[in-house]
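# Analysis of the macromolecular model
This is what each chain is made of:
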Amino acid sequence: MSYRVEPTEDGMRKLSQERTGMSGLDRRDFLKGLGAGLLICLTRASAAAQESGRTFGGHELPKELSAWLHIAADGRVTVFTGKVEVGQNIRTSLAQQVAEELKVPFETITMVMGDTDLTPWDMGTFGSRTTPTMGPQLRSMAVAAREMLMEMAAQRWHVATASLTSADGKVIDPQHARSVTYGELTRGEKLVKTVTASESLTPPKEWKVAGTAVPKAEGRDFVTGRHKYPSDISRPGMMFGAVLRADGFNATLESLDTSAAEKLAGVKVVREGEFIGVVAPDAFTAENAVSAIQAKWTVPAQPSNQGLFAYLKNNPEGGRDDGPQHVTGSAAQAFAGADLKLEEEYTVAYIAHAPLEPRAAVAEWVDGKLTVWTGTQRPFGVRDELMQAFQLSPSQVRVIQPDMGSGYGGKHTGEAAIEAARLAKAAGRPVKVVWTRSEEFTWAYFRPAGVIEMKAGARRDGTLVAWEHHNYNSGPAAIETPYRVANQVIQYHAAKSPLRQGSYRGLASTANHFARESHMDSMAHLAKMDPLEFRLKNLDDPRLKEVFQAAAVRFGWGRLKSTPERGFGIAGGVDKGGYVATCAEVEMDATTRQVRIRRVVQAWDCGAVVNPDGLRNQLAGAIVQGIGGALFERILFADGRILNPHFAQYRLPRFSDTPVVEIVLVDRRDLPSAGAGETGLVGLAPAVGNAIFAASGTRLRTMPMAPRNGLPGEPEPMVRS
Amino acid sequence: MGWLGLEFGMGDFVLDVNGAPLSVSCSPDETLLSVLRNRLNLTGTKYGCGEGKCAACTVLMDGQATRSCLTTVDSVGKAKIVTIEGLERNGRLSAVQEAFLEEGAFQCGYCTSGMILGATSLLHEHPHPTDSQIVEAMEGHVCRCGTYPRIVEAVKRASRSQTQGVGR
Ligand code: FES
Ligand code: FES
């Protein structure tokens, strides 16, 4: 009784390292579709880098490509990348970087993203990888394109390339006061150049378009309702599908009667093995048809919230523990000899991503080729799933990802895509499947629950000497401490999860930071030191120190004294190249034990900032999203059933939960840009927990910290939200 | 609810949507949300929960913000329905749309239609809402991307620009 564990992002990266490009696909059609102009392709293989100037009219591209870029005769630039836009604003920030290096107006760039027939193979959009990896790749191509165009102009004019400059989509010859547009330079020809990563990228200090607050690309389509999300796609002759769900996880079907559903006008019931679904001419009928099916299931007894944490500790994955991954010195000895010691257990619950747009897909079969429009962070992963499910070759499946109603790590898989494809195949017509909210809550996957055991020892003067961190099931992300401790044991213990679990924005970084930064706070109190001072004393990393200090200054740390009604807390850390420090102010009602977060100040450093406005939006959003997991979000389950699969029962952060949010950006133009979609989430929970402690003296070690009600059989929560 | 007791009986309805009479043939029990999205292809109105708890499906009915997922098509009657597609006039955005764009008050944008219509209805009733009036009126709206602070700013900006006669 163990659910399939979704590949973690780290795992996927390993599996997929060797794959780039659209191997196996015949790209000739795609290339024919591109008009005349210049096509720049980026490859990692240096052998292929010498193809400068060859026409792309008749031949295939090298297979190992990670991106390409086309400049048309009219000067329009099209950039192709397998990354997807889900609200994190990369459609804008990537285009800014291309505009910067190519020296063209931002508006001339169109990004084609996440379409398996048009864009290079890509592992997926997660792990804050787009900015550090795809950004430099696209910039490299843009630099190569600009250099090639300048060489062409130099040849045309018989001047030295070095005497030319470029700006605004033109090559300029200042000495002879003449210019030529990029489009003109390529006119009538189909040119292709394959390049590898460029060394000569424009340093961030000289950025003019990148680094600025360019408004979101196609923003107008989002305020007019014109943007088509996956669930908005419509195809000629399209029908609507719905799927019969089991009564619980691991259920066995005992009996099935579909006759009432089949009597409904235009309804077809599709049964293939365990899959039972319907297609109908309209969505309303599809819903009615699926509820008219009489099915009886047997659901076996399964774990519930009660006893979950003991279950996770006692059920290692594969039946064994692999031992610690990280050991320095002797933690046991140092702990024994420490003046100040603290050993505690922290827990995090399963939570749901609950993207506002649930899983959705439209599938269409034409002459044996399957096209699916669906919301996913891994269009190529979903293509693989479809290939497997229907025994198809890569060229027989196309997955298109219209910018979707987000995912937060929750849309790595292609369930709806497979369902729609199955139904469309049976119906012989395009079919749309949109999951209901309760399907999304039940049949997607969750952020892993986990138990974290922390053990710390320090000298009387507050110097850390021993550190042990054991994470059961929730994950290894950011498990290592950024603090200076000579003796460490750090271990992630994979467990059998009773619920299906997978990626979530920030992965286990949130859980590990919650445990570590709460524990650091307790240690500071034990040493009778200011929590910030205690951290700085044990910290060497200058970037982390800087964000701690920046947040503290803006917040007024040190001036603000906690009272029983008002508490102030601080926490921070580093993950995926992002440095974060978060200060929180909470208001406590001493009688009702009601807590409200009033103000959050977050300082952030991810190297050179590509778009400060988009970045602030992401960071504030992460803080607000973090409130849910910190205070009240929690999946309730028992015997294979989710007990709160509705927004009425699963509380989400709302307007009234939102504090004043202040973001302090440390813009390091001297450092490469790291991603920022995830790590902004990790400081909030411990900062809030530490603020609650500062006000009330109550140390909360469970996430969520302040649910409205206790679990059956457990004491009522000490603090409520 | 119910139509002569025939659960799946069909009826013909003429809805006044964005100023145009649109006819549909469907069950009287079908929700306005489903009719707009799946029969009239007005997909700017979104499904988020289907139970009145997220307001992604908000439309205006006679100027009032209404959850279209809780509204059956036969209860609409002659009410004038405005969806997100109906706010733009001759290529000009409404003051609220403009304000959301200016503030960058969205990330994935999936909640935005509902937010804009909720705010439009609020500003109709209270042209100069206080912060707490904004929070109270918008509390039913979920932005899972957590864009609330900017949305509050956008509502205030729209309120100011209406006063100055900018936008509509
Ligand atoms: S879909 Fe109507 S309130 Fe959520
Ligand atoms: S912007 Fe994504 S739900 Fe609001």
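What counts and how
Residues numbered from 1 in each chain as written. Chains lettered and ligands numbered in written order. Predicted model: local features only at pLDDT ≥ 70, side-chain atom pairs only at ≥ 80, totals over all residues. Heavy atoms only, no water. Helix = DSSP H or I, 4+ residues; strand = E, 2+ residues; numbered from the N terminus. Buried < 20%, exposed > 50% of the residue type's maximum accessible area, 1.4 Å probe, protein only. Contact = heavy atoms within 4.5 Å. Domains from an automatic or database assignment. Buried area = accessible area lost by both parts, 1.4 Å probe. Salt bridge = Lys/Arg side-chain N within 4 Å of Asp/Glu carboxyl O. Polar contact = N/O pair within 3.5 Å; in protein donor to acceptor, adjacent residues only side chain to side chain. Pairing = 2+ DSSP bridges.

## Comments concerning the overall build of chain A
When helices and strands are counted, chain A shows 18 helices and 30 strands. Dimensions along the principal axes, computed over C-alpha positions, put chain A at roughly 80 × 75 × 45 Å. When the 721 residues of chain A are sorted by exposure, 62% land in the buried category. Sequence separation of 24 or more characterises 77% of the internal contacts of chain A that already satisfy a separation of 6 or more.

## Some details on the domain arrangement of chain A
Residues and elements named next belong to chain A. Domain parsing of chain A yields domain 1 (3–219), domain 2 (230–299 + 359–434) and domain 3 (308–351 + 446–703). Taken together, the contact pairs 25 residues of domain 1 with 22 residues of domain 2. Summed over both sides, the interface between domain 1 and domain 2 buries roughly 2,000 Å², with carbon and sulfur atoms accounting for 49% of that surface. Across the domain 1-domain 2 interface, the total number found is 3 salt bridges. When the shortest N-O distance is used, the salt bridge between Arg91 and Asp403 registers 2.7 Å. At the boundary of domain 1 with domain 2, the tally comes to 8 residue pairs in polar contact (both at pLDDT 80 or more).

## A look at the domain arrangement of chain B
All names here are of chain B. Taken domain by domain, chain B consists of domain 1 (3–83) and domain 2 (95–162). The C-alpha-based centres of domain 1 and domain 2 are spaced at 23 Å. Across the boundary between the two partners, domain 1 contributes 16 residues, which contact 11 residues of domain 2. Together, the buried faces of domain 1 and domain 2 total about 1,000 Å²; carbon and sulfur atoms form 56% of this surface. Of all residues in domain 1, Lys46, Thr58 and Leu60 bury the most surface against domain 2, accounting for 32% of the area lost on that side.

## Overview of the interface of chain A and chain B
Facing the 57 residues of chain A at the interface are 54 residues of chain B. Contact between chain A and chain B buries roughly 4,400 Å² in total, counting both sides, with carbon and sulfur atoms accounting for 56%. When the area that chain A buries against chain B is broken down by residue, the three leading residues are A:Val223, A:Leu356 and A:Phe655, summing to 21%. Counting every contact that joins chain A to chain B gives 7 salt bridges.

## Here's the deal with the sheet that holds strand 15 (residues 326–328) of chain A
All names here are of chain A. If you walk across this open sheet you meet the 6 strands as 15-23-22-21-16-30, and the pairing is mixed. A strand with exactly one partner marks an edge of an open sheet, and here the two such strands are strand 15 and strand 30 (702–703). Summarising the sheet, strand 21 (residues 450–458) and strand 22 (residues 464–472) pair through 8 bridges and their orientation is antiparallel. Within strand 22, the residue paired with Met454 across the bridge is His469.

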